[in-house]
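Remarks on the overall topology
Residue-level listing of the chains:
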Amino acid sequence: MRLRVFHETAYTYETPANSAIQTLRLTPRGHDGQFIVNWRIDIDHDCRLASTTDPFGNTVHAFTVDGPLDKLIITAEGEIETQDMTGVLRGQVERFPATVFLRETALTASDTAIRDMANDVATRSADRLDLLHLLMGEIAGRMHFDTARTDSGTSAIEAFSIGKGVCQDFAHVLIASARHLGIPARYVGGYLFREDGISKQEAGHAWAEALVDGLGWVGFDPANNLSPTDGYIRVAAGLDYLGAAPIRGTRYGGGGESLSVRVSVTEADQPNR
Amino acid sequence: MPGAFDEMTLPDGSSRPGYEFLDSWLKATPPDLLALRRAEAELLFRRIGITFAVYGNTDAEERIIPFDIIPRILTKPEWTRLSRGLEQRVRALNAFLTDIYSEGEILKAGIVPPDLIYRNPYYRPEMAGLKLPYNSYIQIAGIDVVRVDADDFYVLEDNARTSSGVSYMLENREVMMRIFPDLFAEHRVAPVENYPEELLATLKSVAPPTAPEDPTVALLTPGPYNSAYYEHSFLADKLGIELVEGRDLLIRDNAVWMRTTEGPKRIDVLYRRLDDDFLDPLTFRPDSALGVPGLMNAYRAGNITLANAVGTGVADDKAVYSYMPDIVRFYFGEEPVLKNVPTWRCREADSLAYVLEHLHELVVKEVAGSGGYGMLIGPAADKKTRAAFAEKIKADPDNFIAQPTLALSTSPTFVDSGIAPRHVDLRPFVLSGADKIRIVPGGLTRVALKEGSLVVNSSQGGGTKDTWVLDQ
């Protein structure tokens, strides 16, 4: 499938900011089943966009802009050719030993409730791939999608205890459970082409990957209870949301900040719906 | 602890080498005079304003760390061996960090278990693959050493993060020179006053290769609420560098700039006394208001040297400590000069069982603990305390190690009952530059003021002494 992504992040400041600094993980890389046809990042102000690769293999852009700024708009857009790999990630260089992905982070720590759930699911299958699918199904069944109850700082423990959250929270719970069971797992941020025809979205998408012997890294999207298809575009991976966040930044001075995000993922040859 | 090795007096009553004059001088000096000198010393410390804050103690937010006026003496041969061992130790720590953040050869060779590193909270994946100038990670180390006899030094802890206490070493010497000029006249005491110059030279030597010939160095502090703030401002003053907080710095195009009244000034080396977690809210804890947003970008771009490097804490983890003799052998193919205290790692089932059986004779520590917090001294604890601690260990064995209770050496100390032996340790400060390793002779001697106590930490009622290395 050839997908066209448009992702705009717009900050506005009631009181203009003196300057701002941003770190972006907004650039997908190619691997089997994901070919980057073209991709560009635009900032609506003059700045030098420095590009590096972080230790997890993500492309990172950093920039600083001087104000006064009453707004700051970051746009990422491009076209990606995808193929359905049934969720299996291939053709990517792994830079860390798998055990790194057993690390506990504040957002992916587990508590008794998560561990009990994971242990319970683990009794149902001895096969790791099978177990991970069961785990994904369990989380998809127990948690309800709700954009109002959590934010980007919500931990797996908090989200699981209220049983609500967004794709990020679902992914964190899956990661926390998998790591508790000794299965290396990580967080993936990216985009999703929605089969239901809704192309305008308020955020990117997020899911998890877990390591399966013989297969390598396999994606699991507990928010949709399925493994990534050719509708998924993988952008950045990390130990949790913080390591793969599309944008981490701050501003100096100013105030009254508001943020609006527009994401659209469409088939490249189709007009925007 | 009866029968502990005393550094001044041999069992037959004679004095050990280096202590001959001091011993007879102490015997000839009336206690009243010593009390007077102590009062003078205290007055001097108060005037200097050297205080420290004790965490969890709201009554006495700032107090003077108790100072003992009787110096602790090391002879030149003793110091020569000790400093050779310290140098080897710090070189090994740097080699280890260089390795685990790149190829991980020591892990592949099965010397240190990969899990212990890669799952360690102080291992920073953000540092992986980053080539630091001169492979220099630990520019400032405070290695805690103790002795149990005349021959050997044992390393108790490697402090590879932001080790503190050097201001006490310098202040103690200054005060001692004022109250006992006569004693200094009788000994050739190696100077420590050049520590600030040595530190500055070390910091400048590790500046990024692209930095100007005379790099700009600043000291980053968490601010006045930090227990070591006095030391931060003291050192910045002595080094003649700016003392900055996170909000005084900003990142522009991956370089670090300091706000000054004359406009922004580029910084090349940051002597940071702020923990990794708080350094950069765009990389680590997003809620940190103490750090500098984007600092890690500048660091990864090679535009700033952080001293110490990010992620050094994994090397002073107490479980990693237990592998230090093997680490020295692995990188240098030589035997460690300094001994390691035998250590049981509770993460290993056999060791855990042994530790739980022998709690009454062991010291148990948290692997990432410091400052004497969160430890159990088995022989000094009652049954109930030990039982409660056993539960803590069982709940999270990976988090604990245990060591035998060492009969730490004693040093004569002026206490209420007169001059009496008290247990001591020593924290020499090891400076590793691109050019060489510098160690000022001496360090901070900490003394457990309570009779029989083995805990020297200032937060637990310990005091300090001036440490004399005799030049002949």
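Residues numbered from 1 in each chain as written. Chains lettered and ligands numbered in written order. Predicted model: local features only at pLDDT ≥ 70, side-chain atom pairs only at ≥ 80, totals over all residues.

Focus: the overall build of chain B
Across its full length, chain B holds 15 helices and 21 strands. Radius of gyration (C-alpha) of chain B: 22 Å, near the 23 Å computed for a compact globule of 472 residues. Expressed along its principal axes, the backbone C-alpha trace of chain B runs to roughly 65 × 60 × 45 Å. Sequence separation of 24 or more characterises 68% of the internal contacts of chain B that already satisfy a separation of 6 or more. (Helix = DSSP H or I, 4+ residues; strand = E, 2+ residues; numbered from the N terminus. Rg over C-alpha atoms; globule rule 2.2 N^0.38 Å. Contact = placed C-beta atoms within 7 Å.)

Some thoughts on the interface of chain A and chain B
Each partner contributes residues to the interface: chain A has 20 residues there, and chain B has 21 residues. Only strand E1 (2–27), strand E3 (50–53), strand E4 (59–82) and strand E12 (247–252) of chain A provide two or more residues apiece to the side of chain A that touches chain B. If one sorts the elements of the side of chain A that touches chain B by residue count, E12(A) sits on top with 4 residues. A per-class count over the side of chain A that touches chain B returns 10 nonpolar, 6 polar and 4 charged. (Nonpolar A, V, L, I, M, F, W, Y, C, P; charged D, E, K, R; others polar.)

Looking at the packing of helix H2 (residues 31–48) of chain B against helix H6 (residues 166–179) of chain B
All names here are of chain B. One way to put it is that H2 packs onto H6 with a least axis distance of 10 Å and a crossing angle of 135 degrees. Relative to H6, H2 is oriented oblique. Crossing of H2 over H6 shows right-handed handedness. Counting all contacts with H2, which are made through Arg37, Glu40, Ala41, Leu44, Phe45 and Ile48, the residues of H6 involved are Glu171, Val175, Arg178 and Ile179. (Axes fitted to C-alpha atoms, helices over the stretch in contact; angles between N-to-C directions. Parallel < 35°, antiparallel > 145°, perpendicular 65-115°, else oblique. Left-handed = near helix turned anticlockwise from the far one by under 90°.)

Remarks on the sheet that holds strand E14 (residues 376–377) of chain B
All names here are of chain B. Spatial strand order, E12-E15-E13-E14: 4 strands in an open sheet with antiparallel pairing. Because the sheet does not close on itself, it has two edges, and the strands there are strand E12 (344–345) and E14. With 5 bridges joining them, strand E13 (residues 362–366) and strand E15 (residues 400–404) adopt antiparallel strand pairing. Note on E15: the bridge partner recorded for Val363 is Gln403. (Pairing = 2+ DSSP bridges.)

A closer look at the sheet that holds strand E6 (residues 249–252) of chain B
Residues and elements named next belong to chain B. Read across the open sheet, the 3 strands follow the order E6-E7-E8; overall the sheet is antiparallel. The open sheet has two edge strands with one neighbour each: E6 and strand E8 (265–267). Across the sheet, the axes of successive neighbouring strands diverge by a mean angle of 45 degrees, strand direction being ignored. In the sheet, strand E7 (residues 255–258) pairs with E8 via 3 bridges, with the strands oriented antiparallel. If you follow Val256 over to E8, its bridge partner there is Ile267.

Looking at H6(B)
Residues and elements named next belong to chain B. Between the first and last C-alpha of H6 there are 20 Å, a value that for 14 residues agrees with the 20 Å anticipated at 1.5 Å per step. Among the 14 residues in H6, 10 count as buried, and that is most of the element. For H6, the set of buried residues is Val166, Ser167, Tyr168, Met169, Leu170, Glu171, Asn172, Arg173, Val175 and Met176. (Expected span 1.5 Å × (residues − 1). Buried ≥ 20, exposed ≤ 12 C-beta atoms within 10 Å, placed from the backbone.)

Overview of the environment of Ala402(B)
Residues and elements named next belong to chain B. Looking at where Ala402 falls in the secondary structure, it is placed in strand E15. Taking the C-alpha atoms as reference points, Ala402 and Val341, 61 residues apart in sequence, are found 9.8 Å from one another. Dropping the residues within four chain positions of it, Ala402 is found in contact with Trp344, Cys346, Val355, Leu362, Val363 and Val364.

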